Amino acid sequence: QVQLVESGGGLVQAGGSLRLSCAASGSIFSINAMGWYRQAPGKERELVVRITNGGRSNYADSVKGRFTISRDNAKNTVYLQMNSLKPEDTAVYYCNADISTSGTTGRGLRLDYWGQGTQVTVSS
């Protein structure tokens, strides 16, 4: 089907930067939207940012001005540039994609996919 592979997580000092990558592969007809979510221990998963295939993006208030999402359509890849990181950014970050799969006659099912998650830890 479709697989999302994430990379770029790690340990960084407060004020530092990281860039996360998420590549989608499989029987993809089109990608309607991609985004990033995060979840800290004991907390609910929350939206960080989402970008549509038209280029419109929505950021959580807590990351506006610090995080930037970008997309390489040719590579089916989305990136999250994280600058001025804070300890409260510490969480497992999950890639999410709204994808229409390829069917026998063209476009198939439209489904929501998730990556395995990558740990981001920001030290104070």
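Structure's up top.
An account of the accompanying structure is given in this report. Just so you know, these numbers come straight off a predicted model, no measurement behind them.

### Side note on the pattern of salt bridges
Where side chains of opposite charge bring their charged atoms close, a pairing between them can arise.
Thinking step 1. As enumerated under the stated definition, the model contains five salt bridges in all.
Thinking step 2. Between R38 and E46 there is a salt bridge, with the nearest N and O atoms lying 2.8 Å from each other.
Thinking step 3. A residue is classified by how much of its surface remains accessible, and R38, at 6% relative accessible area, is buried.
Thinking step 4. Using a relative accessible area of 37% as the deciding quantity, one classes E46 as partly exposed.
Thinking step 5. For D89, the salt bridge is made with R66, and the minimal N-O distance between the two is 2.8 Å. Placement of the pair is D89 in the loop between β8 (77–82) and β9 (91–103) and R66 in the loop between β6 (57–59) and β7 (67–72), with a sequence separation of 23 residues. Across this residue pair, the class does not change: D89 and R66 are buried.

### Brief notes about the state of the cysteines
Thinking step 1. Enumeration according to the criterion identifies one disulfide in this entry.
Thinking step 2. Two residues share a disulfide in this structure: C22 and C95, whose sulfurs sit 2.1 Å from each other. Disulfide C22-C95: the torsion about the S-S bond is -85°, which places it as left-handed. Here the residue C22 occupies a position in strand β3 (residues 18–26), and C95 occupies one in strand β9, the gap between them amounting to 73 residues.
Thinking step 3. Residue classification places C22 among the buried positions, given a relative accessible area of 0%.
Thinking step 4. We classify C95 as buried; its relative accessible area is 0%.

### As for the pairing of strand β11 (residues 118–123)
Taken residue by residue, a regular strand's side chains alternate between the two faces of the sheet.
Thinking step 1. Residues of β11 alternate between two faces, with T118, V120 and V122 buried on one and Q119, T121 and S123 left unburied on the opposite face.
Thinking step 2. The sheet contact formed by strand β2 (residues 10–13) and β11 spans four bridges and is parallel. Across the sheet, the residue bridging to Q13 is S123, located in β11.
Thinking step 3. Judged from the three bridges that link them, β9 and β11 form a sheet pairing that is antiparallel. Bridge assignment links A91 to a residue of β11, and that residue is V120.

Thresholds, definitions, all that
- Residues numbered from 1 in each chain as written.
- Predicted model: local features only at pLDDT ≥ 70, side-chain atom pairs only at ≥ 80, totals over all residues.
- Heavy atoms only, no water.
- Salt bridge = Lys/Arg side-chain N within 4 Å of Asp/Glu carboxyl O.
- Buried < 20%, exposed > 50% of the residue type's maximum accessible area, 1.4 Å probe, protein only.
- Helix = DSSP H or I, 4+ residues; strand = E, 2+ residues; numbered from the N terminus.
- Disulfide = S-S within 2.5 Å.
- Pairing = 2+ DSSP bridges.

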